[in-house]
Amino acid sequence: VKSIFIQQIMLFGQPVSIRCDVNEYSGPREQDFEWMTSREASGARMKIISTFDASYSHSSLSKRVASGDISVVRLEDNEVELKIAEAKALDAGLYWCQTPSTDSVISGNYEAQVQLIVIPNTLSVSPQTPPQEAAEGSDLTLSCNVTRALTQPTFLSVTWSLKSGATSEEILTLGPQGGVATGAKFARRYADGGIRLVPGKNGLFELVISRVTTSDGGTYECNGTEWTHENGGKWIKIVENTKEMGTVKVIPTVPSYTLTLEPALNPQMTAEPTELACHVTNVTHLPPGGRLGVTWEHTSLPGEAPQTSHHIGSLDGSGNLLLGSMYTDRLRSGVMSLTKVQPNTFKLQIIRTQEIDMGQYSCSVSAWSVNSQGDMVKIAEYKSSPMTVRWDPKRPSLNVVAKRVREASVGGATFEMSCTLTTENLGEAGYSVLIQSQESLESNVRTIMTLSPDNVLQHGGATDPNRRDSLVLTKSGPAEFRFRLAGVQLSDRGFYWCDITAWTKQQAGQTWTRATSAESNKVRIDFQENGPSFSIAIQSDDTSVYPSKTAKMECSLSVSGSSPKTDDLAYEVRWFFTRLRGGQTTTQVASVDRFGIVKAEIRNSSSELSVERRDTHTYLLNIFGTHDSGEYYCVATPWYLSASTGAWTQAGELMSSRVFLTVQFAGMWLHLNFVIFAAGVGLFSLVLGLVCAHCCCRNTTHTPRSRNKLMDLEMD
């Protein structure tokens, strides 16, 4: 069992609270406790109160227990608290807390002891009344006498506080350990020496506030507190006493100074810089540590309806920049700036002055002082006479001229157009370009492509995604842009022009501001679709061949006019045959379509055919084992990708002249007779040799074969 306090010092009439808990026990979770007391350690113990026995109290204490002056409160299953509502002198002594053991084996400590000391209240707080008025910037001394009768080892602390209205702010506390603690609003002034303690004698404590400000005015209080210190290191407050010292009014001293606003740079035209200087002279009565701040204001020119004023920005006494709502972006981007270049000179700078900046400017300079909480507060403010910033505005102008660089006279050609611009009263600028077109002067306008002032290229909604590689828009010079359209089609015919906008920047890295814009004259694309022209021819490597030989028929085509690219051209080629010279009845023998698929027709012939493509315009028919004499010719259908429409187009069918192929059979019979004669001579020689061998070499005498010996070798 343990109690929280080893020794406790209390004043007469104050409440007493002693806690007791038990740990490392077995048995039920809820434990019971008994309290006893004795004047001396060796004296008899008097029963006070129990958690489980209502008749436990000694007769001398039963009335106090019954009235609730003495009670026990259960805090946890294993913790209780003994309470005495009002401590009396006879309550001083030793107190024991006991708990009956619920363990199966007795072990450990089942009681704990604490000493209670009851002392009289001898704390005295006697403040000295401060002056009712103090001049701003002077020093204020707050004196307070705090004493007590030292009957026990107790300690004192002194606290000064300032009450203003319903709120009270702690200024400084001394003790009880001898250390100093300051209120949050006075910590900086104490660290800077603006608040200090002056040592005194016989319980006298003095607090000096230097350079008081108007915020130091109010009612001051002095608090004295008596403390005791436990062996465990905890400080216990015994008693405290707070006395009101008096009310102090700080008489303000208003600073005085003269303002002069003059232009350091006065713009004569748009985009020139502006610089205004606000000089502060003849400064008097500025409190020690005081500072100056500035507020800039812009008012529209007289005669403008309505004439309005706007807060540009300000610098407070701590140098913080406060931005006006209309000028936030320009001040943050650095286009405008507020600076303090000398201790008593403030400047407003505009890097590129715009027409909206014309008007009247004024500066208001404020004086700031440090209050009692260490904060900067405004104590005075003066405004300068207005100064007018104005010039004769010259509107920027832009002129754009478009001219044709390359003419597109046929489909598939390249069209190129340049746009040259001239400016006035514009200065350094960036340009955005829109290439626009329309089929006729009454039709809708289409945007082909755009180029931003940051040279970001984008295609318009009227651009076919498959043709974007054919479109080019570049900046070809400081004041020239070029647009190029490769492979023009019929759908591209119409009018083209440039829509150019000039943009300016306040400074590098900032956003663009629109200055002016203009459209160029219109340039027309106009051509007629003529298409390419084709021709066909056929030829053979030999017009007379022997049977079983290979004959070759070459069908060649040519193109003239607006020749398409090789990849944009294909042919369908067919070969025909007739046995009669000039015959009208023909038979198709082979074909190849424009995709390169070859087809040989079924016919009553032993000849085999193949088709070979030598190049884009030449096709070769090979006839293997030729047996048929007759006329051959080819028919071709050209296909080309039209540069005007972008689609595959079928041209007219072409028919070649005819080539007669003769097969020479006479030479074939001569060759065959020679072969038959040679075969007959060979056969006759073979028969003659066999007859001679049989008649001249055979043995006529016959010798029987022995069955007991090896067979004799004989040969016919």
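Everything that follows concerns the structure shown earlier in this document.
Presented here is an overview of the structure given in this document. Counting from 1, residues in each chain are numbered in the order their sequence is written. Where local features are concerned, this predicted model is filtered to residues with pLDDT of at least 70; where side-chain atom pairs are given and counted, the filter is 80 or more; whole-chain, interface and lining totals use all residues. Excluded from the side-chain calculations are hydrogens and water; all other atoms, namely the structure's heavy atoms, are used.

Take the overall build of the chain next. Only DSSP runs of H or I covering at least 4 residues are called helices, and only runs of E covering at least 2 are called strands; the numbering of each starts at the N terminus. Broken down by element type, the chain carries four helices and 51 strands. Burial here depends on accessible area, computed with a 1.4 Å probe over protein chains only, as a share of the maximum for the residue type. Under 20% is buried, over 50% is exposed, and the range in between is partly exposed. Here the chain holds 716 residues, and 40% of them are scored as buried. Within the chain, counting contacts between residues at least 6 apart in sequence, those at least 24 apart form 59% of the total. Summed over all atoms, the accessible surface of the chain reaches about 39,400 Å², with 51% contributed by carbon and sulfur. Throughout, a residue-residue contact means that at least one pair of heavy atoms, one from each residue, lies within 4.5 Å. Values of accessible area rely on a 1.4 Å probe in the Shrake-Rupley scheme; residue burial ignores everything except the protein chains shown.

Along the chain, valine 559 turns up in strand 42 (residues 551–560). Spatially, the C-alpha atoms of valine 559 and serine 533 are 5.5 Å apart, while their sequence positions differ by 26 residues. The contact partners of valine 559, leaving out residues within four places of it in the chain, are Pro532, Ser533, Phe534, Pro564 and His617.

Any pair of cysteine sulfurs within 2.5 Å is marked as a disulfide. Following the criterion strictly, the structure yields five disulfides and no others. Here cysteine 144 connects covalently by a disulfide to cysteine 222, the sulfurs 1.9 Å from one another. Taking the torsion about the S-S bond as the criterion, the cysteine 144 to cysteine 222 disulfide, at about -95°, is left-handed. Within this pair, whereas cysteine 144 is found in strand 12 (residues 140–147), its partner cysteine 222 is found in strand 18 (residues 218–229), the two being separated by 78 residues in sequence.

Glancing now at the side chain of asparagine 622. When you line up the elements, asparagine 622 lands in strand 47 (residues 618–624). Look at asparagine 622 and you get buried, because its relative accessible area is 5%. In terms of polar contacts, asparagine 622 uses its side chain to reach the side chain of lysine 552, at 3.0 Å. We call two N or O atoms a polar contact when they sit within 3.5 Å, provided that within protein one can donate a hydrogen and the other can accept it, with sequence-adjacent residues counted only if both atoms are side-chain atoms.

What follows is about the pairing of strand 16 (residues 195–198). Whether two strands pair depends on DSSP finding at least two bridges between them. The pairing of strand 16 with strand 17 (residues 204–209) spans four bridges and is classified as antiparallel. Across the sheet, leucine 197 pairs through a bridge with leucine 207, a residue of strand 17.

Moving on, we get to empty space enclosed by the protein. Empty space left among the atoms is revealed by rolling a probe the size of a water molecule over them. With a 1 Å grid laid over protein atoms only, a set of points is called a cavity when a 1.4 Å probe fits there but cannot get out and a pocket when it is open yet has protein on both sides within 12 Å along at least five of seven lines; lining residues have an atom within 4 Å of a point. Grid points are joined across faces, edges and corners, and a volume is the space filled by probe spheres set on the points. In total, this model carries one cavity of 30 Å³ or more according to the counting rule given. Its volume calculated, the largest cavity comes out at about 30 Å³. Lining the largest cavity are Val22, Tyr25, Gln31, Thr99, Pro100, Ser101, Thr102, Asp103 and Tyr110. Of the residues contributing to the lining of the largest cavity, the split by class is four nonpolar, four polar and one charged. Basically, the charged four are Asp, Glu, Lys and Arg, the nonpolar ten are Ala, Val, Leu, Ile, Met, Phe, Trp, Tyr, Cys and Pro, and anything else, Gly included, counts as polar.

Moving on, we get to the sheet that holds strand 13 (residues 155–164). Strand order in the open sheet made by the six strands is 11-19-18-13-14-15, with mixed pairing throughout. Bordering the open sheet on either side are strand 11 (133–135) and strand 15 (180–182), each of which pairs with just one other strand. Across the sheet, the mean angle separating the axes of adjacent strands is 30° when strand polarity is ignored. In terms of strand pairing, strand 14 (residues 167–174) meets strand 15 through three bridges, oriented antiparallel. Across the sheet, residue threonine 173 finds its bridge partner in strand 15, namely alanine 181. Axes here mean lines fitted to C-alpha atoms, for a helix over just the part in contact, with angles spanning 0 to 180 degrees between N-to-C directions.

Reading across the sheet, the four strands line up as 30-31-36-35 and stay open at both edges, with antiparallel pairing between neighbours. Among the strands making up the open sheet, the edge pair consists of strand 30 (397–406) and strand 35 (471–477). Between one strand axis and the next, the sheet turns through 20° on average, direction left out of account. Strand direction decides the pairing type here: strand 35 and strand 36 (residues 480–485), joined by six bridges, are antiparallel. Its bridge partner lying in strand 36, leucine 471 is registered against leucine 485.

A separate point is the nonpolar core. Where a protein is soluble and globular, its nonpolar side chains tend to be buried together. In terms of nonpolar packing, the biggest core is built from 30 residues, with Phe415, Met417, Ile435, Phe483 and Ile500 touching the most fellow members. Elements with a minimum of two residues in this core: strand 30, strand 31 (415–424), strand 32 (430–438), strand 33 (446–451), strand 35, strand 36, strand 37 (494–505) and strand 39 (523–525). Contact partners of isoleucine 435, with chain neighbours within four places excluded, come to Met417, Arg446, Thr447, Ile448, Met449, Leu473, Phe483, Trp497 and Cys498. Note on terminology: a nonpolar core comprises buried Ala, Val, Leu, Ile, Met, Phe, Trp, Tyr and Cys residues joined through side-chain atoms within 4.5 Å.

The next point concerns the packing of aromatic side chains. Any two rings among Phe, Tyr and Trp, with Trp reduced to its six-membered ring, count as a pair given centres within 6.5 Å; such a pair is stacked if its planes are under 30 degrees apart, edge-to-face if over 60, and tilted if neither. Inspection of the entire model under this criterion finds nine aromatic pairs. Plain terms: the ring middles of phenylalanine 415 and tyrosine 496 are 5.7 Å apart, the flat faces sit at 45° to each other, and that makes the pair tilted. Residue phenylalanine 415 is located in strand 31, and its partner tyrosine 496 is located in strand 37; the two are separated by 81 residues in the primary sequence. Centroid distance phenylalanine 534 to tyrosine 571: 6.1 Å. Interplanar angle 90°. Geometry classified as edge-to-face. Placement of the pair is phenylalanine 534 in strand 40 (residues 533–540) and tyrosine 571 in strand 43 (residues 569–578), with a sequence separation of 37 residues.

The buried fraction of strand 27 (residues 359–370) amounts to ten of the twelve residues, a majority that puts the element mostly inside the structure. Here nine bridges tie strand 22 (residues 291–299) to strand 27, and the two strands are oriented antiparallel to one another. Each residue of the ladder has a partner; that of tryptophan 296, found in strand 27, is cysteine 363. Here strand 27 pairs with strand 28 (residues 376–383) via seven bridges, running antiparallel. Across the sheet, the residue bridging to alanine 367 is alanine 380, located in strand 28.

A cis amide bond, omega 0°, links glycine 175 with the succeeding residue proline 176. With respect to the helices, strands and loops of the structure, proline 176 is situated in the loop between strand 14 and strand 15. Positive phi, normally seen in glycine, also occurs at asparagine 282, with a value near 55°. The residue asparagine 455 is not glycine, and still its phi comes out positive at about 65°. Relative to the helices and strands, asparagine 455 is located in the loop between strand 33 and strand 34 (457–459). Here asparagine 455 falls in the exposed class, since its relative accessible area comes to 54%.

Moving on: the pattern of salt bridges. Counted as salt bridges are all cases of a side-chain nitrogen of Lys or Arg within 4 Å of a carboxyl oxygen of Asp or Glu. Taken as a whole and assessed by the stated rule, the structure comprises 25 salt bridges. For glutamate 297, the salt bridge identified is with lysine 383, shortest N-O distance 3.2 Å. Of this pair, glutamate 297 sits in strand 22 while lysine 383 sits in strand 28, and the two are 86 residues apart along the sequence. What you see here is one network of salt bridges that share partners, running through Arg64, Asp69, Lys88 and Asp91.

Moving on: a nonpolar patch on the surface. Like-charged residues are merged into a patch within 9 Å and nonpolar side chains (Val, Leu, Ile, Met, Phe, Trp, Tyr) within 5 Å, provided each residue has over 30% relative accessible area and no salt bridge. Among the surface-exposed residues, Leu683, Leu686, Val687, Leu690 and Val691 lie close enough to one another that they form a single nonpolar patch of about 500 Å² accessible area. Relative to the helices and strands, leucine 683 is located in helix 4 (residues 666–696).

As a further point, take the side chain of aspartate 492. On the secondary structure map, aspartate 492 appears in the loop between strand 36 and strand 37. In this structure aspartate 492 comes out as buried when scored by relative accessible area, which is 8%. Look past the residues within four positions of aspartate 492 in its chain and what remains in contact with it is Arg467, Leu485, Gly487 and Ile525.

Further remarks concern the environment of glycine 319. Along the chain, glycine 319 turns up in the loop between strand 23 (309–315) and strand 24 (321–323). For glycine 319, a relative accessible area of 49% corresponds to the partly exposed category. Separated by 25 residues in the primary sequence, glycine 319 and valine 294 have C-alpha atoms spaced 9.5 Å apart.

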